Amino acid sequence: MSQVEDEVLLERTVSEAPLGLVDITQHEIEALKTEYNLADAHTHQSQSSTQRDIVASLPELWYAAEEMTQYESEQRFIESFYSLQGQHTALKRKNEIYLLYAASISMHITATYLMQKASRVGLIEPCFDNLHDLMKHMQVPMSPLDESLFHDPDGIYDNMMQSALDLDAIFIVDPNNPTGFSLAADGRERFVELVRFCKDYDKLLIIDLCFSSFILASGGQRFDLYEVLENSGVSYIAMEDTGKTWPIQDAKCSTLHTSKDINGEIYNIVTSVLLNVSPFVLNLVQRYVEDSVSDGFRSVGELLDVNRRVAIECLNGDTLRYCSPLVNTSVAWFEIVSPKLTADDVQRKLLDKNVYVLSGKYFYWAHPERGQRYIRIALARNTEMFQSAMKIAKEALHGL
């Protein structure tokens, strides 16, 4: 088959890609075929100058991994990652921080535990849909907890009293994907109130912190969240991840940390899933962590800031309205202004121009009709490509 025939086939495959897919990941797989993939939140941008130095040192990192014990590689990574995040209390129990090769594996372990306990879970809405899907596949009963329940620090406790008393676990995402809302970005009051409720009424608190590095990348500070958790005595499961922060071709590590009372049960599930994360990957990711320590997250945050401004300049207007987040993450959340348009309409119109964005309906896992008012755009892309995509999107949406 000639190159021209290949290109024609690819264009036909993309144009015929169904919008009736069942989850976000299926859309993200389709988006990988497009010229302007703004669907998945993975890091697709090029390396900074100091990150190129890390790539040049890959043989050194490989051979260094051969010389270390697995335990040494793990402890070095854990120390670097949690210190960068300012989570020093977690390091007091660092032998009980478990490393997994993807955040979805941490979630799978969590869902397995919830299934074993026959737990009823309140899950924040909107959120990334695989959290819901993994628990659904484990037949874990779920109830939606609207993100607005957590907005007012003075109202969180009462809101949980009204919405969550009959639940066994509260599951939040902080910062939230896709909205950028955070209980922990502007002080600890919101978070403390949620922890207080969970402790008072014996609820398991589950926290997906996979976007938490963006608090630092956007110039904020993370308070020691684990200090609050440990001092309260609440039962908790906390997941963190490196996969959405650094451009390392999807080499990544997720962490899973729990309160002491459930640690043993979680550990038994962890060891049924895997032995260890590659020591080479741990060495590699650790170098990127150290690079962000050195440059104050500039290599991560500056690119996202530029692309966010481009998206707002091109798209914020009569068709779409930018939703300002509490934390600037690696995605932009836009509300659709016209009541006559849906997210599917916007997604289809942009896909006709080879620009792939995500419909908000999948994030609203219990109320997909609400999500038809929003689209999500990934920002972690080379700026030149992103600018081209936004210009095309602006022209495509003009007059809708």
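In this convention, every chain numbers its residues from 1, walking through the sequence in written order. Owing to the predicted nature of the model, reporting of local features is limited to residues with pLDDT of at least 70; listing and counting of side-chain atom pairs is limited to 80 or more, with chain, interface and lining totals taken over all residues. Just so you know, side-chain values use all the structure's heavy atoms and leave hydrogens and water out.

J.: Honestly, the packing of aromatic side chains in this entry has me stumped. Any pointers?
T.: Under the pairing criterion, centres of Phe, Tyr and Trp rings, with the six-membered ring standing for Trp, must be within 6.5 Å; the plane angle then separates stacked pairs below 30 degrees from edge-to-face pairs above 60, leaving the rest tilted. Following the criterion strictly, the structure yields 17 aromatic pairs and no others. A ring pair is formed by Tyr364 and Tyr374, whose centres lie 6.0 Å apart and whose planes are at 15 degrees; its orientation type is stacked. Taken together, the residues span a long stretch of sequence, with Tyr364 in the loop between β12 (358-359) and α16 (368-371) and Tyr374 in strand β13 (residues 374-378) at a distance of 10 residues. Tyr374 shares its class with Tyr364; the two are buried. An aromatic cluster is present here, built from Phe77, Phe81, Tyr82, Tyr226 and Tyr236 joined pairwise through their rings. A helix here means a DSSP run of H or I that spans at least four residues, while a strand means a run of E at least two residues long, and both kinds are numbered starting from the N terminus. Exposed residues in this analysis have more than 50% of their type's maximum accessible area, buried residues have under 20%, and partly exposed residues fall in between, with area computed by a 1.4 Å probe over protein chains only.

J.: It is not clear to me how the environment of Ser254 should be interpreted in this structure. Could you clarify?
T.: Here Ser254 lies in strand β8 (residues 254-258). Note on contacts: a residue pair qualifies if any of its non-hydrogen atoms lie within 4.5 Å across the two residues. Dropping the residues within four chain positions of it, Ser254 is found in contact with Tyr98, Leu99, Leu100, Ala102, Ala103, Ser106, Glu240 and Asp241. Pairing of N or O atoms within 3.5 Å defines a polar contact, subject to two protein rules: one partner must be a possible hydrogen donor and the other a possible acceptor, and residues neighboring in sequence count only if both atoms are side-chain atoms. For Ser254, the side chain forms a polar contact with the main-chain oxygen of Glu240, separated by 2.9 Å.

J.: Would you mind showing me how to read the sheet that holds strand β9 (residues 320-322) here?
T.: Note on sheets: strands pair through backbone hydrogen bonds, and any given pair is parallel or antiparallel. What makes two strands pair is DSSP finding at least two bridges between them. Read across the open sheet, the 4 strands follow the order β9-β10-β13-β12; overall the sheet is antiparallel. Every interior strand has two partners, whereas the edge strands, β9 and β12, have only one. When strand β10 (residues 331-336) meets β13, the two strands line up antiparallel, connected through 5 bridges. Across the sheet, the residue bridging to Val331 is Ala378, located in β13.

J.: Could you clarify how one ought to interpret helix α2 (residues 24-31) in this entry?
T.: Every α-helix winds through 3.6 residues per turn, so residues three or four apart in the chain are directed the same way. When we look at burial in α2, the residues that qualify are Ile24, His27, Glu28, Glu30 and Ala31. Along the axis of α2, the buried residues cluster in a sector spanning 160 degrees; they form a single face. The inward-facing, buried residues of α2 contact β1 (36-37), α7 (129-137), α15 (343-351), β11 (355-356), β12 and β13. Sitting at the amino-terminal end of α2 is Asp23, which places a side-chain oxygen 3.2 Å from the backbone nitrogen of Thr25. Relevant arc is that of directions from the helix axis to the C-beta atoms, nothing else.

J.: So what exactly am I meant to see when it comes to the sheet that holds strand β5 (residues 169-173) here?
T.: Here we have 7 strands laid out as an open sheet, ordered β2-β8-β7-β6-β5-β3-β4, and mixed in their pairing. A single partner strand is all that each edge strand has here, and the edge strands are β2 (98-100) and β4 (142-146). If you compare each strand with its neighbour and ignore which way they point, the axes differ by 20 degrees on average. Bridge analysis of strand β7 (residues 236-241) against β8 gives 5 bridges, and the strand direction is antiparallel. Considered in β8, the bridge of Met239 is made with Leu256. For helices, the axis comes from a line fit to the C-alpha atoms of the stretch in contact; other axes are also lines fit to C-alpha atoms, and the angle between any two N-to-C directions lies between 0 and 180 degrees. Strands β6 (204-208), β7 and β8 of the sheet are contacted by helix α11 (residues 225-232), whose axis makes an angle of about 165 degrees with β7. On top of the sheet, helix α12 (residues 260-273) reaches β2, β6, β7 and β8; it is set at about 140 degrees to β8, its chief contact.

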